[in-house]
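One-letter residues, chain by chain:
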Amino acid sequence: MAVDLHLHSSASDGTDPPEIVVEKAAAIQLTAIALTDHDTLSGIPAARAAARNLPIELIPGVELSVDHDGVKIHMLAYFIEPGPGPLQDRLGELRSGRGVRNHQIVERLNRLGYPITIDDVLRQSSGDAVGRPHIADALVAAGSMSDRAQAFRELLGDGGPAYFERDRLTATDAIELATASGGVTSIAHPLTINPGDSSLRRLFEDLRDVGLAGIEAYYSEHLPHIRAQLADVAADLGLVATGGSDYHGTGKPDLSIGTGRGDLVVRDSSLEELRARRP
Ligand code: AMP
Ligand code: FE
Ligand code: FE
Ligand code: ZN
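Computed from a predicted model, the values in this text were never measured in an experiment.

Trainee: Hey, could you go over the pairing of strand β4 (residues 71-78) for me, with residue numbers and the actual values?
Mentor: Across the eight residues that make up β4, a large majority, six, are buried. Adjacent in sequence and paired antiparallel, strand β3 (residues 57-68) and β4 are bridged by two residues, among which Asp-69 carries a positive phi angle near 50°. Examined bridge by bridge, β4 and strand β6 (residues 184-187) share four bridges and lie antiparallel to one another. Each bridged residue has a counterpart across the sheet, and for Ala-77 the counterpart in β6 is Thr-185.

Below you can see the structure in the form of structure tokens.
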């Protein structure tokens, strides 16, 4: 029996409404999923309502972009309930930071000759965590780019001509806030991290020592032998090997719920080990 612990909905930059994500996951008989939208829990109530009528468990989650000594990391936090709380309260501030940065990016795009407005961007989102994917969608709608991938490649990607940094939590703060909110954390798609002068293993150890619970070993874009290697590293360090597809609907074409590019399997035991780490 399988689960998927990394899914996006239209509450952030996925294209399916949260209840549709749940219905699709139940249709392929997953036993549980975590909805992990960027910086928001606003999709959780609709997802949970859908899960109530189906044989599937919904884990409330969120994906955070954090910084650890200048190294950028995406962190998944699980068992974070909507409503007030230590991490929950910071999510609102992070979404405000997105607003500032979206304006900076739109202004830069205007100067580069792409006459889109912030309203064009907001029209691309039905959620409350608006970011570069929606700016990409606005450029596509204006006929300036053919898809999100081209917009990231030519304009919006890290270091690109229309790239701006935004507010981030430190990795340590994210772990401590998630723990204070009754949650557990796992490092998302660890192979996208550039550890610079350090090493991935060192980074996992540092964060384990401040309370990190897992690393996402089973990820759509990892080759099977890489998934096995990362699971070994996790076991070696006393971390949980977690996994998920990073499904975004049509926002990341060719990625399916549960199975990623077709060969992904995340066992129920990943979720049960994670659950056992709850504070
Ligand atoms: P933001 O959170 O606003 O910085 O936007 C980052 C998000 O954009 C990531 O979490 C991905 O979901 C998405 N993204 C990054 N690169 C690409 C790409 N090449 N194509 C589509 N989506 C992307
Ligand atoms: Fe995303
Ligand atoms: Fe991510
Ligand atoms: Zn993600």
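Trainee: Describe the coordination of the iron ion (ligand 3), and please don't skip the residues or the numbers.
Mentor: Glu-63 (OE), His-74 (ND1) and His-189 (NE2) make up the full set of protein donors to the iron ion (ligand 3), lying at 2.0 to 2.3 Å. The motif formed by the donor residues of the iron ion (ligand 3), counted along the single chain, is E-x10-H-x114-H. Between the two metals, the iron ion (ligand 3) and the iron ion (ligand 2), the spacing is 5.7 Å. Linking Glu-63 in strand β3 with His-74 in strand β4, this pair joins segments that are 11 residues apart in sequence. Classification of His-74 as partly exposed rests on a relative accessible area of 25%.

Trainee: Tell me about the coordination of the iron ion (ligand 2), and name the residues and values.
Mentor: A metal bound by six donors in octahedral fashion has ideal angles of 90 or 180 degrees, whereas one bound by four tetrahedral donors has an ideal angle of 109.5 degrees. Within the protein, the iron ion (ligand 2) binds to Asp-13 (OD), His-38 (NE2) and His-248 (NE2); these donor distances fall in the range 2.0 to 2.2 Å. Around the iron ion (ligand 2), the four donor atoms sit at angles spanning 90 to 137°, and that spread fits a shape best called irregular. We note that the donor set of the iron ion (ligand 2) lies within a single chain, spaced as D-x24-H-x209-H. On the accessibility criterion, His-248 (2% relative accessible area) is buried.

Trainee: Residue-level account of the nonpolar core, with values.
Mentor: Ile-33, Met-75, Leu-87, Ile-187, Phe-204 and Leu-207 are the most contacted members of the largest nonpolar core, which has 50 residues in total. In this view, Leu-87 contacts Val-62, Leu-64, Ala-77, Ile-80, Leu-169, Leu-177, Ala-178 and Ser-181; residues no more than four positions away in its chain are not counted. Within the second largest apolar cluster, 17 residues are counted, among which are Ala-138, Ala-151, Ala-162 and Phe-164.

Cut-off values and rules
- Residues numbered from 1 in each chain as written.
- Chains lettered and ligands numbered in written order.
- Predicted model: local features only at pLDDT ≥ 70, side-chain atom pairs only at ≥ 80, totals over all residues.
- Heavy atoms only, no water.
- Buried < 20%, exposed > 50% of the residue type's maximum accessible area, 1.4 Å probe, protein only.
- Helix = DSSP H or I, 4+ residues; strand = E, 2+ residues; numbered from the N terminus.
- Pairing = 2+ DSSP bridges.
- Donors = N, O, S within 2.8 Å, 3.2 Å for Na, K, Ca; no water.
- Tetrahedral: all angles 85-135°; square planar, octahedral: opposite > 155°, others 65-115°.
- Core = buried A, V, L, I, M, F, W, Y, C linked by side-chain atoms within 4.5 Å.
- Contact = heavy atoms within 4.5 Å.

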